[in-house]
Amino acid sequence: FEKVYTYTLYYLAQVYKHLDMIEKAAWYCHTTLQRQLQFASYNPVEWAINAATLSQYYITKQSYMEGRLCLSASGVIFNQVKGPCSESPAEDSKKRYSVSWQNVSKIE
């Protein structure tokens, strides 16, 4: 049940994004990321990309602390992939993460 509910939140974030209801989309995205961490049900590279992207939203709203938190969490999760016991992510995911990281890390 928990996994299905988390997917529902994810899909609601997508719907609100397409309806240009960005604040609601960000809330659902944030909640989805929290639940994925809580239940250890996530792809680290995708999670990191989504958190880095969410940080951009917070920064545009001048919520710098929230943006910084998302960016830091993104780095921590992505570093799990680089660990000695982890497999390397696909090259396209690495590139997507790199682009997201470069865009957001400008605030540091």
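Scoring rules and cut-offs
- Residues numbered from 1 in each chain as written.
- Predicted model: local features only at pLDDT ≥ 70, side-chain atom pairs only at ≥ 80, totals over all residues.
- Heavy atoms only, no water.
- Helix = DSSP H or I, 4+ residues; strand = E, 2+ residues; numbered from the N terminus.
- Contact = heavy atoms within 4.5 Å.
- pLDDT = per-residue confidence, 0-100.
- Expected span 1.5 Å × (residues − 1).
- Buried < 20%, exposed > 50% of the residue type's maximum accessible area, 1.4 Å probe, protein only.
- Polar contact = N/O pair within 3.5 Å; in protein donor to acceptor, adjacent residues only side chain to side chain.
- Patch = residues over 30% accessible without salt bridge, like charges linked within 9 Å, V, L, I, M, F, W, Y side chains within 5 Å.
- Areas by Shrake-Rupley, 256 points an atom, 1.4 Å probe, with all protein chains shown as cover.
- Salt bridge = Lys/Arg side-chain N within 4 Å of Asp/Glu carboxyl O.
- Core = buried A, V, L, I, M, F, W, Y, C linked by side-chain atoms within 4.5 Å.
- Axes fitted to C-alpha atoms, helices over the stretch in contact; angles between N-to-C directions.
- Parallel < 35°, antiparallel > 145°, perpendicular 65-115°, else oblique.
- Left-handed = near helix turned anticlockwise from the far one by under 90°.
- Nonpolar A, V, L, I, M, F, W, Y, C, P; charged D, E, K, R; others polar.

1. Thoughts on the overall build of the chain
Here's step 1: Across its full length, the chain carries five helices and zero strands.
Here's step 2: Counting only contacts in the chain whose residues sit at least 6 apart along the sequence, the fraction spanning at least 24 positions is 59%.

2. As for the confidence of the model for the chain
Here's step 1: Of the residues in the chain, 75% have a pLDDT of 70 or more, and the chain-wide mean is 83.
Here's step 2: The least confident element of the chain is helix H5 (residues 91-104), whose mean pLDDT is 62; the most confident is helix H2 (residues 22-38), at 95.
Here's step 3: Here residues 83-87 is modelled with pLDDT under 50, and outside its nearest four sequence neighbours on either side it reaches three contacts, counting other chains as well.

3. A short note on helix H3 (residues 44-60)
Here's step 1: Compared with the 24 Å implied by 1.5 Å per residue over 17 residues, the 25 Å span of H3 between its first and last C-alpha is a close match.
Here's step 2: What H3 keeps buried is the set Val45, Trp47, Ala48, Ile49, Ala51, Ala52, Leu54, Ser55, Tyr57, Tyr58 and Ile59.
Here's step 3: For H3, the side-chain oxygen to backbone nitrogen distance between the N-cap and valine 45 is 2.9 Å, and the N-cap itself is asparagine 43.
Here's step 4: The first or second residue beyond H3 is glutamine 62, which carries a positive phi of 60 degrees.

4. Some remarks on a nonpolar patch on the surface
Here's step 1: Together, Tyr7, Tyr10 and Tyr11 line one region of the surface with nonpolar side chains, adding up to about 340 Å² of accessible area.
Here's step 2: The residue tyrosine 11 is located in helix H1 (residues 2-18) in this model.
Here's step 3: Judged by its relative accessible area of 48%, tyrosine 11 is partly exposed.

5. Observations regarding the nonpolar core
Here's step 1: The biggest cluster of nonpolar side chains holds nine residues, and these are Ala26, Leu33, Trp47, Ala51, Leu54, Tyr57, Tyr58, Cys70 and Ile77.
Here's step 2: Going through the elements one at a time, H2, H3 and helix H4 (64-82) are the ones with two or more residues in this core.
Here's step 3: It is H3 that contributes the most residues to this core, five residues altogether.
Here's step 4: Filtering out sequence-adjacent residues up to four positions away, tyrosine 58 remains in contact with His30, Ser63, Glu66, Gly67 and Cys70.

6. Concerning the packing of H1 against H2
Here's step 1: Viewed as axis vectors pointing N to C, H1 and H2 meet at an angle of 155 degrees, and their least axial separation amounts to 8 Å. For the element pair H1 / H2, the angle class is roughly antiparallel. When you trace H1 past H2, the crossing you get is left-handed. In contact with Glu2, Tyr5, Thr6, Leu9, Tyr10, Leu12, Ala13, Tyr16 and Lys17 of H1, H2 contributes Ile22, Lys24, Ala25, Tyr28, Cys29, Thr31, Thr32, Arg35 and Gln36.
Here's step 2: Within the contact of H1 with H2, the residues separate by chemical class into ten nonpolar, four polar and four charged.

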